[in-house]
Amino acid sequence: MAPKQTLAERILSHAAGRPVRPGDLVVVPVDMAMAVDSIAPSVISVLRQELGARVRDPRRVAIFIDHVAPAANVATADAQVAIRRFAAEEGITQLYDVGRGVCHQVMIEERLIGPGQIVLGSDSHSTSYGAIGAFGTGMGASDVAMAWASGRTWLRVPETIRIRCTGRFRPGVGAKDLALHVARTIGADGARYAAVEYVGVDYLPLADRQTLACMSTEVGAKVGLVPPSGEVAATWPVPEWLSSDSDAPCQREVEVDLGSLSPLVAVPPSVDTVVEAASLGDVRVDMVFLGTCTNGRLEDLRAAARILRGRALARGVRMIVVPASSRVLAAAVADGTLATLLEAGATVGTPGCGPCIGRHLGVLGAGEVCLSTGNRNFRGRMGSPEARIYLASPEVAAASAVTGRITDPRELAS
C-alpha cells in the first residue's frame, strides 16, 4: 500500500520519480521559473557572468516588469531596458511589460503554470501558485539563474502544517481574515520551511485561494497549498495522481471554524499581531491601499465597491486602488466596479505592485497611517520608517476609507 502523503510530498514524489518524505533532498525539473524587474538584473548577471550560461529553455522562463512599473527614475528605467534586451537575445517571449500586472496574478491568468507543477519565482510570494495546486516557492537570484541554465533545482521536502477548516465565513469575513487568523495562531515564523496546506475549503473561489497561498509566506512557509478542487478543478486539468491524504502525518494541525472568525487587522510592525477590527477604537487613517498580489483581484475590488457605493471617502483620507492586472482593470471597467470606486473618491494606479514595496505610486510620509490590503506591515515597508501600516481585507479597507478610522465593515451594513 502506498504511504499516505500530504500534497507537497506527493508533488515532489512525482517530480523526483520516487516516494519522498519530509527532510529528503530532491533534484527536480522546473516547469516554470520567473523573475521580476527588481531581481531580474541580478539573475541575468549570475546566469551570464558567474555561470557563463544561457537560458536552457525559453518556454519555461517568464519575466515581469511589475514592481516599479512604470519606472520611477532613470536607474530603474535603464535596468528595465536591459531586461527587455536580454529577453529578446534569449528568445524569451513571455515578457510581461508595464501595465500587464503583478507577476503572480498574470502567471495564473496566462495559464503559464498548472496543478502539480514545480514553479520558482524570484519573488517571495511565489507561494501564490499553490492556489491551483502547484508547488510554488520563492528563491534568490542564484537559484533562479541555475534553474534558467539547467532546467532543474534542488529542494528539501518540507514538513506540512495542515489548516483544517470547517463551516463557512459570515458576511463581512473572508479569506484575508482566515490568513491573518493563521498568522496569529502559528506566528510569523511558525511555518518556517514548511508547507501550509488548507483543507476543507473546496467551495472557495480561485481568488480566495490565491490570498491564502500568497499569505503563507508571512508565516515563513516554503509553499502554501490548496488542493485543486471546485473552480480550479473545473478550469485546469488536474493530474490523476495529484491528491492529498487528509489524514497523512503532518508536523501540526490547526483547526479553524470559519464561522467563528471576525474581520481582523494586523497591527504594525508585524503580521502576526492580529486583533479584531472592532477592538481597535479610534485609529485614524491617512491612506487606504487596495491592491497587491494578496487582494488586488476583481472580487476584491467588487467587495470594496459594494461598501463604497453611494458613499464618499472621509475628509483627509486618500484611497489608492491598484488592480492586480490589466484584465482585472478591464473587467472592473466593464461591470461598473471602477466607476463606483472613482465616484467615492478613490484614485487608480497602473496595474502592478503599486505602493506595496514603498518605491512609487503612493509612498508614505513620516507619521502617516495606512490601511493596506497587502501582505506586509513591517517598519519602512511602504516608505517612511515613521509611518504605520495596518493589514486587513478589502471590506475593512473600504469601510475604513468611509469612516476615516479602522472600521469593522459590519458597522456599515445596511
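Residues numbered from 1 in each chain as written. Predicted model: local features only at pLDDT ≥ 70, side-chain atom pairs only at ≥ 80, totals over all residues. Heavy atoms only, no water.

Colleague: For this particular structure, what's the right way to read the overall build of the protein?
Modeller: Within the protein one finds 13 helices and 18 strands. In summary, the protein has a C-alpha radius of gyration of 21 Å against a globular reference of 22 Å for 414 residues, a match within 12%. Seen through its C-alpha atoms, the protein measures out along the principal axes to roughly 60 × 55 × 40 Å. Within the protein, counting contacts between residues at least 6 apart in sequence, those at least 24 apart form 76% of the total. When the accessible area of the protein is evaluated, it comes to approximately 15400 Å², of which 50% is carbon and sulfur surface. (Helix = DSSP H or I, 4+ residues; strand = E, 2+ residues; numbered from the N terminus. Rg over C-alpha atoms; globule rule 2.2 N^0.38 Å. Contact = heavy atoms within 4.5 Å. Areas by Shrake-Rupley, 256 points an atom, 1.4 Å probe, with all protein chains shown as cover.)

Colleague: What is the right way to read the packing of helix α2 (residues 40–50) against helix α3 (residues 74–90) from this model?
Modeller: For any two helices packed against each other, one specifies the inter-axial angle together with the distance between the axes. Viewed as axis vectors pointing N to C, α2 and α3 meet at an angle of 45 degrees, and their least axial separation amounts to 10 Å. The orientation of α2 with respect to α3, classified from their angle, is oblique. As α2 runs across α3, the sense of the crossing is left-handed. Residue-level inspection shows A40, P41, I44, L47 and R48 of α2 in contact with α3, the latter providing A79, I83, F86, E89 and E90. Residues of the contact of α2 with α3, tallied by class, amount to seven nonpolar, no polar and three charged. (Axes fitted to C-alpha atoms, helices over the stretch in contact; angles between N-to-C directions. Parallel < 35°, antiparallel > 145°, perpendicular 65-115°, else oblique. Left-handed = near helix turned anticlockwise from the far one by under 90°. Nonpolar A, V, L, I, M, F, W, Y, C, P; charged D, E, K, R; others polar.)

Colleague: I keep staring at the nonpolar core and nothing clicks. Help me out?
Modeller: Among soluble globular proteins, nonpolar side chains are generally buried collectively. Counting residues in hydrophobic clusters, the biggest one holds 42 residues, and the most contacted among them are I163, L178, A191, Y198 and F289. Top contributing element to this core by residue count: helix α6 (residues 175–186), with seven residues. In terms of nonpolar packing, the next biggest core, distinct from the first, is built from 38 residues, I11, L12, A145 and L242 among them. (Core = buried A, V, L, I, M, F, W, Y, C linked by side-chain atoms within 4.5 Å. Buried < 20%, exposed > 50% of the residue type's maximum accessible area, 1.4 Å probe, protein only.)

Colleague: Is there a simple way to explain α2 in this structure?
Modeller: Residues that lie three or four places apart on an α-helix share one face, since the helix turns once every 3.6 residues. Three or more residues of α2 are buried, namely A40, V43, I44, V46 and L47. Looking straight down α2, one finds its buried side chains confined to an arc of 160 degrees; they lie on one side. Of the exposed residues in α2, those oriented more than 90 degrees away from the buried face are Q49 and E50. Tucked into the core, α2 has its buried residues touching β2 (32–36), β3 (61–64), α3 and α5 (141–150). Positive phi shows up at G52, right after α2, with a value of about 60 degrees. (Arc of directions from axis to C-beta.)

Colleague: Teacher, can you tell me more about the side chain of S372 here?
Modeller: Tracing the chain through its elements places S372 in strand β17 (residues 369–372). Assessed through its relative accessible area of 2%, S372 is described here as buried. Separated by 2.8 Å, the side chain of S372 and the backbone nitrogen of G374 make a polar contact. The contacts of S372, once residues within four sequence positions are left out, are F289, M382, I389, Y390, L391 and A392. (Polar contact = N/O pair within 3.5 Å; in protein donor to acceptor, adjacent residues only side chain to side chain.)

Colleague: Explain the pattern of salt bridges here, please?
Modeller: A pair can form between side chains of opposite charge whenever their charged atoms are brought close. Inspection of every chain in the model, using the stated rule, returns 23 salt bridges. Across the pair R48 and E90 runs a salt bridge, and its minimum N-O distance is 3.3 Å. Here R48, found in helix α2, pairs with E90, found in helix α3; they are 42 residues apart in sequence, far enough to count as distant. On the basis of relative accessible area, R48 is assigned to the partly exposed category, the value being 34%. The class of E90 is buried, set by a relative accessible area of 7%. R59 is the partner of D57 in a salt bridge, and the nearest nitrogen-oxygen pair spans 3.0 Å. Look at the salt bridges and you will find they share partners, linking D31, D57, R59 and R60 into a network. (Salt bridge = Lys/Arg side-chain N within 4 Å of Asp/Glu carboxyl O.)

Colleague: Please clarify how a nonpolar patch on the surface should be interpreted in this entry.
Modeller: A surface patch of nonpolar side chains, amounting to about 340 Å² of accessible area, comprises L25, V27 and W154. Following the sequence through the fold, W154 ends up in strand β7 (residues 152–156). (Patch = residues over 30% accessible without salt bridge, like charges linked within 9 Å, V, L, I, M, F, W, Y side chains within 5 Å.)

Colleague: Help me understand helix α10 (residues 298–308) in this model?
Modeller: Of all the eleven residues making up α10, eight are buried; the element is thus mostly covered by neighbouring parts of the structure. Residues of α10 that are buried: L298, D300, L301, A303, A304, A305, I307 and L308. Each element contacted by the buried residues of α10 is listed here: β14 (287–291), α9 (292–295), β15 (318–322), α11 (326–334), α12 (337–344) and α13 (394–403). Looking one or two residues beyond α10, the residue adopting positive phi is G310, at roughly 80 degrees.

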